[in-house]
Amino acid sequence: MLGGFACTPVLADSADAKSIAFYYQPIDSVRELLSYDRIVVNAEGITPAQLKQLQNAKVEVFAYLSVGETLPPLTDGLYKAVIAENPAWQSKVMDLQQPLWQQYLLSKAERLTATGFDGLFLDTLDSYTLSPPPLHDNQRSALTQIINNIAKRSPTLLLNRGFELLPALDFTPAAIVAESLYAGFNAQQQGYVEQSAEDTAWLMQRLQDVRQQGIEVIVIDYRPDDINDRITAARQIATLGFTPYIADGLLEQYGVSLHYPLPRRVLGLFDSRDGPKKQSRCHRYLSTLIEYAGYVPDCQDISTLKGNTLSLQPYAAAFLMLPEVYYQQPQVITLLQRLLNRIPTVFVGTVPENPAILAQLGLQQQGFYYGQMQASLPTLYPLPQAAKEEYPRYVLQNSQAEVVANYHDNSGNIGVAAFTAPWGGALLAPGDIQELINDRQRWILDPFDVLLPMLRLPSLPVPDITTESGQRIVTAHIDGDGFPSVAWLPGKPFAAQAIFDRILTRYQLPHTVSVVEAEVAAHGLYPHLADKLEQIARDIFRLPNVELASHTFSHPFFWDPRVSSREKLYGDALPVPEYQLNYTREVAGSVAYINETLAPADKKVKVFLWSGMANPTPDIIAQTDALELYNVNGGNTYVLNDNFSYAQVSPHLNWYPNAVQVYAPIMNENLYTELWTENFSGFARVTETFTKLGEPRRLKPVSIYYHMYSGMYPSSLGALDYIYHWAQTQPFTPLYLSEYAKRARGLYETGVGASIFQNGHRVRSTGIRSLRMPANFIVGARSSGVTGVANGPDGRYLSLLGPLAIIAPADSARHFDGAPYLHQANGMVQHWHTDATSVSLSLLSHVPLHATLLQTQHCRVQSHSPGLSIKPSQHELTLSSHLPGEYSLTLTCEASEIAGSH
């Protein structure tokens, strides 16, 4: 018993218990909202793309609709329907009998339902009680009629209170919502209040009555921003059998329901007045580290920053790499003062010279370094020579700070190089990034060993796009440049024909292949060759291992109109006669040309490959989204054995609130051949890149990315042969580029949350299929949505199926408590189902299948696809095929061995 009422525990992970959030702010990303099963939003604050993302991830989305009142200004003559005021929220109470207001509500309900929302949340149902009491009966009758009419247009409704209306409704609401069971919020005084025992008892009785009618009860209580306090309150309400939501009084934060999101953002800063985000240090150097840790880099623009109002709740830490002059700006100073009291904050390179902030950091400057510098830790590259007043020398004044490394110069000056402190830490220049000639960058101290620990990021399941079914992903894609070039081969074929003959028909890997329209079409640069070139393109696109891509109409070198003409050394694009650059023509026009002229009947373009500098603005990226295409290219990842630094590893993508650009995982042959000027076999060294970025940390998938002009020379074709032969000897999982891009686009749009009752994590994503966990993690039997486990160089990789996975630690030493699971496969899991006595699965592989299942010693094969070879051994099954395709298998197992089905 609790509070005198019978208790029916609600388990957060039970099938019929769904969490819910009420979030009315404009949505920049759905990543936090993915941690809930249902959300109520302001329809004006969510985009159609975000609505689709949430629903594709199996999150139900309800639109907020205020029935009894509205905020000024009033349009369409609605001021005539005002009946009273609500001073607490400065809103107008509306006359529910007014046909004008009734029609407004019904029209809005129809629009919201047509937009695609799963239902409506009807709020302010008791506002009519603010009108004169003699009007209440008629207002209540009109309200009942309005709700019944809305239900005919949107059958799934959540009602805020309205207890007195239930007997007169023609339908059963999906849930009744009530606020302030134990704690409320006073809007006028902007303060939190505890409810009286009498008020709690009255509301409790109403809610129990509703629950006895078989209607879900949702309780919103308001608590200050203390996550532990909110979890305690949520558990208290859930124990009553009600669905809780505990949040701030203005519903501006992500609250606690049966589940809640864990902070995954790491704050960074840049200034767009100095260049776009993708050129900033926040994006180029810090984002890769943050992604690898399983968090999301959030580079905020200083020029629009509101340092006193930016919500810090979604952030786990801050990572700042700025010239010192930026720390002098008022909005940055305001933000820093808030950060240092709230979340771990790490400075890279410089620290603020503001005396108050410097004292808060526990630092004191004591001159500068001179001459050759050394560090007390091993450096990846030598420290530079210190010029006069180039590198400030700092000493620690904080007894709680801990030195990670010191600097000293040849004059005997000693200062701190890296340190941790209660507020975070710092890595000071020159041990951060050194930018060298030939566009080479170097971390002097290892950022993974020195910097990442300073952020004190809690260990979370790491959303991963390097791995599929336990094996490293490999993709191959070809930019169309050089399609009509003549190859130095017998018969002088076109380069594209050489690629067709020597690569695409010889190697079974799935390929994503593009053309530049102006290079092959009759209305392009070579009309006299168009018949032959178009036929080669058709032959390529008919291959079963090729998916279609566009590489534009005229190959623009720049996709950002803000780029000055002085930077355009090669002009805007290829010199197509009488053509002026038009980005819509480049995107939609080139795609239409391929689909209508070159594509076989059963294929359409799936990918758009950026050209030139690959620097599209969000509005241009949106053009590819409108065509439902994945977009790829950009980034600048290029490392070799003799030219290696994590500073030269780009992040996986360039994310905007309304657009996502997926970077090519690794750069193409252009950089390996000195911009295609010499050493045309140099691309063979890309295998060094693949190896360096695979161990000891798996930072990137394997990406075989090149241009059609690699078909020009025997040496360049020889390099491709070498690369493909190398790839075929490795345990990789081949994917089409569109399949990789789908996973990559979901990297930031992944929610990592927790349950108020169970240990472990809930991961819901719009695209990822793999998680990286610590090397000693054992997958518990309570996990779901997980099909496999494999050891990698830097942890255990979990294979996922479907948008939602529950990752629970084990109570035993065996994964899934001994139930069968997928170990590794060179294909994708399409289906996986277990029950008390059987396991059924299907795998789709673009090459002949090879897969292993573990813990199968107590199972026998019940059925399988033709062409699937099965080889059992003591504890595993090996599956193989001679041809690509989808293969299914059903096992019958002893019930005791599959009790923890997943």
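Quantities reported herein were computed from a predicted structural model and do not represent experimental measurements.

Q: Just to check I follow, could you spell out the packing of helix 13 (residues 583–598) against helix 14 (residues 618–626) for this structure?
A: When two helices pack together, their arrangement is given by the angle between the helix axes and the distance between those axes. Two elements in contact, helix 13 and helix 14, have axes separated by 10 Å at closest approach and are oriented at 20°. By the angle between their directions, the pair helix 13 and helix 14 is classed as roughly parallel. The two elements helix 13 and helix 14 meet at a crossing, and its hand is right-handed. Contact residues: helix 13 offers Tyr583, Thr584 and Val587, while helix 14 offers Ile620, Gln623 and Thr624. Residue classes in the contact of helix 13 with helix 14 are distributed as three nonpolar, three polar and no charged.

Q: Please explain the confidence of the model for the protein chain as it appears in this structure.
A: Close reading of the predicted structure is inappropriate where its pLDDT is low. On average, residues of the protein chain score 94 in pLDDT, and 96% of them are at 70 or above. Low pLDDT, under 50, characterises residues 1–13; the stretch is placed with 37 contacts to residues that sit more than four places away or in other chains.

Q: For this particular structure, what's the right way to read the pattern of salt bridges?
A: Opposite charge on two side chains permits pairing when their charged atoms draw close. Scanning the model with the defined rule gives 26 salt bridges in all. The salt bridge involving arginine 265 is made with aspartate 298; its shortest N-O contact spans 3.3 Å. Of this pair, arginine 265 sits in strand 15 (residues 265–270) while aspartate 298 sits in strand 16 (residues 296–301), and the two are 33 residues apart along the sequence. Grouping residues by exposure puts arginine 265 and aspartate 298 together as buried. A salt bridge links glutamate 468 to arginine 743; the shortest N-O distance between them is 2.8 Å. Linking glutamate 468 in strand 29 (residues 467–468) with arginine 743 in helix 18 (residues 737–745), this pair joins segments that are 275 residues apart in sequence. On the accessibility criterion, glutamate 468 (1% relative accessible area) is buried. Given a relative accessible area of 5%, arginine 743 falls into the buried group. Each of Asp28, Glu32, Arg265 and Asp298 takes part in salt bridges that share partners, so that together they form one network.

Q: In this structure, what is going on with the packing of helix 10 (residues 495–504) against helix 12 (residues 530–542)? I would like to understand it.
A: Running from N to C, helix 10 and helix 12 cross one another at 25°; their axes reach a closest spacing of 9 Å. Relative to helix 12, helix 10 is oriented roughly parallel. Judged by the sense of rotation from one axis to the other, the crossing of helix 10 with helix 12 is left-handed. On helix 12, the residues that touch Ala496, Gln497, Phe500 and Leu504 of helix 10 are Ile536, Asp539 and Ile540. Here the contact of helix 10 with helix 12 is built from residues that sort into five nonpolar, one polar and one charged.

Q: What should I look at first to understand the pairing of strand 24 (residues 414–421) in this one?
A: Consecutive side chains of a regular strand alternate in pointing toward one face of the sheet and then the other. The buried fraction of strand 24 amounts to six of the eight residues, a majority that puts the element mostly inside the structure. Bridge count between strand 23 (residues 402–409) and strand 24: six bridges; the pairing is antiparallel. Among the inter-strand pairings, histidine 408 is bridged to a residue of strand 24, identified as isoleucine 414. Joining the antiparallel neighbours strand 24 and strand 25 (residues 424–428) is a turn of two residues.

Q: I tried to follow the packing of aromatic side chains on my own but got confused; where do I start?
A: Each aromatic ring pair is characterised by the separation of its centres together with the angle its planes make. By the definition in use, this model includes 33 aromatic pairs. Between the aromatic rings of tryptophan 559 and tyrosine 583, the centroid separation amounts to 5.3 Å while the plane-to-plane angle is 25°, which identifies the pairing as stacked. With tryptophan 559 in the loop between strand 32 (546–550) and helix 13 and tyrosine 583 in helix 13, this residue pair connects regions lying 24 residues apart in the sequence. Of the two residues, tryptophan 559 and tyrosine 583, both sit in the buried class. Every member of this aromatic cluster is reached through a ring pair, and the members are Phe22, Tyr24, Tyr36, Tyr64, Phe121 and Tyr245. Positioned above the aromatic ring of tryptophan 655 is the side chain of arginine 31, whose terminal nitrogen or guanidinium carbon lies 4.8 Å from the ring centre.

Q: What is the right way to read the state of the cysteines from this model?
A: Between two cysteines, a covalent bond joining their sulfur atoms is known as a disulfide. Enumeration over the complete set of coordinates arrives at two disulfides. Across the disulfide from cysteine 282 sits cysteine 299; the S-S distance is 2.1 Å. On the sign convention where negative is left-handed, the bridge of cysteine 282 and cysteine 299, at about -90° about the S-S bond, is left-handed. You can see cysteine 282 sitting in helix 6 (residues 281–292) and its partner cysteine 299 sitting in strand 16, a full 17 residues away along the chain. The residues cysteine 282 and cysteine 299 share a single accessibility class, namely buried. One disulfide bridge connects cysteine 859 with cysteine 893, the sulfur atoms lying 2.0 Å from each other. With the S-S bond torsion at 105°, the cross-link from cysteine 859 to cysteine 893 turns out right-handed. Within this pair, whereas cysteine 859 is found in strand 49 (residues 859–864), its partner cysteine 893 is found in strand 52 (residues 885–893), the two being separated by 34 residues in sequence. Like cysteine 893, cysteine 859 is buried. Described in terms of the sequence order of its bonded cysteines, the disulfide pattern of the protein chain is 1-2, 3-4.

Q: Would you explain the pairing of strand 23 in this entry?
A: Note: strand 20 (residues 371–375) against strand 23, three bridges, orientation antiparallel. Among the inter-strand pairings, methionine 373 is bridged to a residue of strand 23, identified as aspartate 409.

Q: Just to check I follow, could you spell out the sheet that holds strand 40 (residues 761–765) for this structure?
A: Taken in spatial order, the four strands line up as 14-39-40-44 in an open sheet, and their pairing is antiparallel. With partners counted over all chains shown, the strands left at the sheet margins are strand 14 (259–261) and strand 44 (804–807), one partner each. With strand direction ignored, the average angle separating the axes of adjacent strands in the sheet is 30°.

What counts, and at which threshold
- Residues numbered from 1 in each chain as written.
- Predicted model: local features only at pLDDT ≥ 70, side-chain atom pairs only at ≥ 80, totals over all residues.
- Heavy atoms only, no water.
- Axes fitted to C-alpha atoms, helices over the stretch in contact; angles between N-to-C directions.
- Helix = DSSP H or I, 4+ residues; strand = E, 2+ residues; numbered from the N terminus.
- Parallel < 35°, antiparallel > 145°, perpendicular 65-115°, else oblique.
- Left-handed = near helix turned anticlockwise from the far one by under 90°.
- Contact = heavy atoms within 4.5 Å.
- Nonpolar A, V, L, I, M, F, W, Y, C, P; charged D, E, K, R; others polar.
- pLDDT = per-residue confidence, 0-100.
- Salt bridge = Lys/Arg side-chain N within 4 Å of Asp/Glu carboxyl O.
- Buried < 20%, exposed > 50% of the residue type's maximum accessible area, 1.4 Å probe, protein only.
- Pairing = 2+ DSSP bridges.
- Phe/Tyr/Trp six-rings, centres within 6.5 Å; stacked < 30°, edge-to-face > 60°.
- Lys NZ or Arg CZ within 6 Å of the ring centre and 35° of its normal.
- Disulfide = S-S within 2.5 Å.

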